[in-house]
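Structural overview for review
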Amino acid sequence: MSLQRTIAPSILAANFADLAADIKSVENAGADWVHLDVMDGRFVPNLSFGAPVIASLRKSSSSYFDAHLMVENPDNLIEDMKQAGCDGITVHLEACTHLDRTVSVINEHDCCAGVAINPHTPVDNLKHIIDKIGLILIMTVNPGFGGQRFIPSMVEKIQQARELIADRPIHLQVDGGITQETAPLAIAAGANNLVAGSAIFGADPTDYALRIAAIRG
Ligand code: DX5
Ligand code: ZN
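First, a word on scope: everything that follows refers to the structure included in this document. (Residues numbered from 1 in each chain as written. Chains lettered and ligands numbered in written order. Predicted model: local features only at pLDDT ≥ 70, side-chain atom pairs only at ≥ 80, totals over all residues. Heavy atoms only, no water.)

Taken as a whole and assessed by the stated rule, the structure comprises 6 salt bridges. Taking the shortest distance from any N to any O, the salt bridge between Asp32 and Arg216 comes out at 2.9 Å. With Asp32 in the loop between α1 (19-28) and β2 (33-39) and Arg216 in helix α8 (residues 208-216), this pair connects stretches of sequence that are 184 residues apart. For Arg216, a relative accessible area of 23% translates into the label partly exposed. We note a salt bridge from Arg42 to Glu72, for which the minimum N-O separation is 3.2 Å. Pair noted here: Arg42 is in the loop between β2 and α2 (51-58) and Glu72 is in the loop between β3 (64-70) and α3 (78-84), with a separation of 30 residues, a long-range link. Note on Glu72: relative accessible area 35%, which makes it partly exposed. (Salt bridge = Lys/Arg side-chain N within 4 Å of Asp/Glu carboxyl O. Helix = DSSP H or I, 4+ residues; strand = E, 2+ residues; numbered from the N terminus. Buried < 20%, exposed > 50% of the residue type's maximum accessible area, 1.4 Å probe, protein only.)

Have a look at this one:
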């Protein structure tokens with residue numbers, strides 16, 4: 001049994017000069033969550049935005065805010081992300097020396113704790129943390145940039161994560177290169193939560209609803 005299918009547009013591909021308006025547009029077009037890619041220029045070779053921007057966006061949106069922290073030492077940011085209004089906080093396994101502690105701190109902040117794994121990281125590494133988390137993020141590209149191609153061998157990892165989750169109420173999220181062509185592969189493998197940046201924001205705003213519906217399948 002998997003949780004309800006959820007589409008989470010990534011604002012990394014939105015107009016940074018008017019993020020609030022772009023969020024409003026995707027909400028009106030049927031988006032379920034807002035995916036917030038926080039990058040520090042160290043864990044990934046790119047910088048994006050942090051808690052002050054998220055706190056500003058929170059004022060005009062009541063959507064579920066899903067923060068994806070692509071940062072070193074994410075522990076330092078958990079309190080700020082909570083204060084900024086994030087509902088879910090996902091950290092990278094590769095960035096956490098003491099992942100169990102990090103996940104516990106997220107839970108203590110009453111946020112949904114997510115763990116993301118890069119394409120080279122085996123799903124098995126999640127085995128001993130599975131009962132403490134609410135979301136697994138299978139990266140379907142190497143993190144850092146929008147607009148990359150879905151890595152086909154990630155389909156097998158999505159299947160493995162679905163097996164690991166079994167009947168637990170855990171979201172299985174995919175992120176990177178998700179389009180109306182690749183979403184069906186991820187869904188068939190067991191993903192229920194689909195992040196898409198360029199496949200949504202790369203369209204004309206009048207087509208956002210069509211794009212979201214196509215990815216939802
Ligand atoms: C990549 C980010 C993604 C990115 C996805 O590091 O985590 O959320 O915005 O962008 P697309 O959908 O364009 O691959
Ligand atoms: Zn992301």
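On we go from here.
Perfect tetrahedral coordination of a metal by four donors corresponds to 109.5 degrees between them, and perfect octahedral coordination by six donors corresponds to 90 or 180 degrees. In this structure, His35 (NE2), Asp37 (OD), His68 (ND1) and Asp175 (OD) serve as the protein donors to the zinc ion (ligand 2), at separations of 2.0 to 2.3 Å. Seen from the zinc ion (ligand 2), its 6 donor atoms lie at angles of 70 to 168°, and the figure they make is octahedral. On the primary sequence, the residues serving as donors to the zinc ion (ligand 2) are separated as H-x1-D-x30-H-x106-D. Residue His68 is found in strand β3, and its partner Asp175 is found in strand β7 (residues 171-175); the two are separated by 107 residues along the sequence. Exposure class is identical for His68 and Asp175. Each is buried. (Donors = N, O, S within 2.8 Å, 3.2 Å for Na, K, Ca; no water. Tetrahedral: all angles 85-135°; square planar, octahedral: opposite > 155°, others 65-115°.)

Our next topic: helix α5 (residues 154-165). The terminal C-alpha atoms of α5, which comprises 12 residues, lie 16 Å apart, in line with the 16 Å expected from a rise of 1.5 Å per residue. Residues of α5 that are buried: Met154, Lys157, Ile158, Ala161, Arg162, Leu164 and Ile165. Down the axis of α5, the buried set is contained in an arc of 160°. They therefore lie on one face. In α5, the exposed positions angled more than 90 degrees off the buried face are occupied by Glu156 and Glu163. In the segment just after α5, Ala166 is the residue with positive phi, at about 50°. (Expected span 1.5 Å × (residues − 1). Arc of directions from axis to C-beta.)

On to the site of ligand 1. Looking at ligand 1, there are 20 residues lining it, with Asp37, Gly144, Asp175, Gly197 and Ser198 nearest. Here an oxygen atom of ligand 1 and a side-chain polar atom of His35 are 3.4 Å apart. Its free accessible area being 380 Å², ligand 1 has 99% of it covered by the protein chains. Those elements that provide at least two residues to the shell around ligand 1 are β2, β3 and β8 (193-196). (Near = heavy atom within 4 Å. Polar contact = N/O pair within 3.5 Å; in protein donor to acceptor, adjacent residues only side chain to side chain. Areas by Shrake-Rupley, 256 points an atom, 1.4 Å probe, with all protein chains shown as cover.)

We now examine the packing of aromatic side chains. Applying the stated rule across the entire model yields 3 aromatic pairs. An angle of 65° between the planes, with centres 5.9 Å apart, marks the rings of Phe16 and Phe49 as edge-to-face. Residue Phe16 is located in the loop between β1 (6-9) and α1, and its partner Phe49 is located in the loop between β2 and α2; the two are separated by 33 residues in the primary sequence. With relative accessibility at 40%, the residue Phe16 sits in the partly exposed group. (Phe/Tyr/Trp six-rings, centres within 6.5 Å; stacked < 30°, edge-to-face > 60°.)

Turning our attention to the environment of Asp204. Counting through the fold element by element, Asp204 comes out in the loop between α7 (198-201) and α8. A polar side-chain atom of Asp204 sits 2.5 Å from a polar atom in the side chain of Thr206.

In terms of nonpolar packing, the biggest core is built from 64 residues, with Ile11, Ile54, Met81, Ile136, Ile138, Leu194 and Ile215 touching the most fellow members. Residues within four places of Ile136 in sequence aside, it is in contact with Val115, Leu126, Ile130, Ala161, Ile165, Ile170, His171, Leu172 and Gln173. Judged by nonpolar contacts, the second largest core, of 8 residues, contains Ala8, Trp33, Ala116 and Met139. (Core = buried A, V, L, I, M, F, W, Y, C linked by side-chain atoms within 4.5 Å. Contact = heavy atoms within 4.5 Å.)

Looking now at the pairing of strand β5 (residues 112-117). The buried fraction of β5 amounts to 5 of the 6 residues, a majority that puts the element mostly inside the structure. In this sheet, β5 lies alongside strand β4 (residues 88-92) in parallel orientation, the contact comprising 5 bridges. Counted as the bridge partner of Val91 is Val115 from β5. Running through helix α4 (residues 99-108), the crossover from β4 to the neighbouring parallel element β5 is right-handed. Two elements, β5 and strand β6 (residues 135-139), share 4 bridges in a ladder whose sense is parallel. Bridge pairing in β6 links Val115 to Ile136. (Pairing = 2+ DSSP bridges. Right-handed = clockwise from strand over helix to strand, strands pointing away.)

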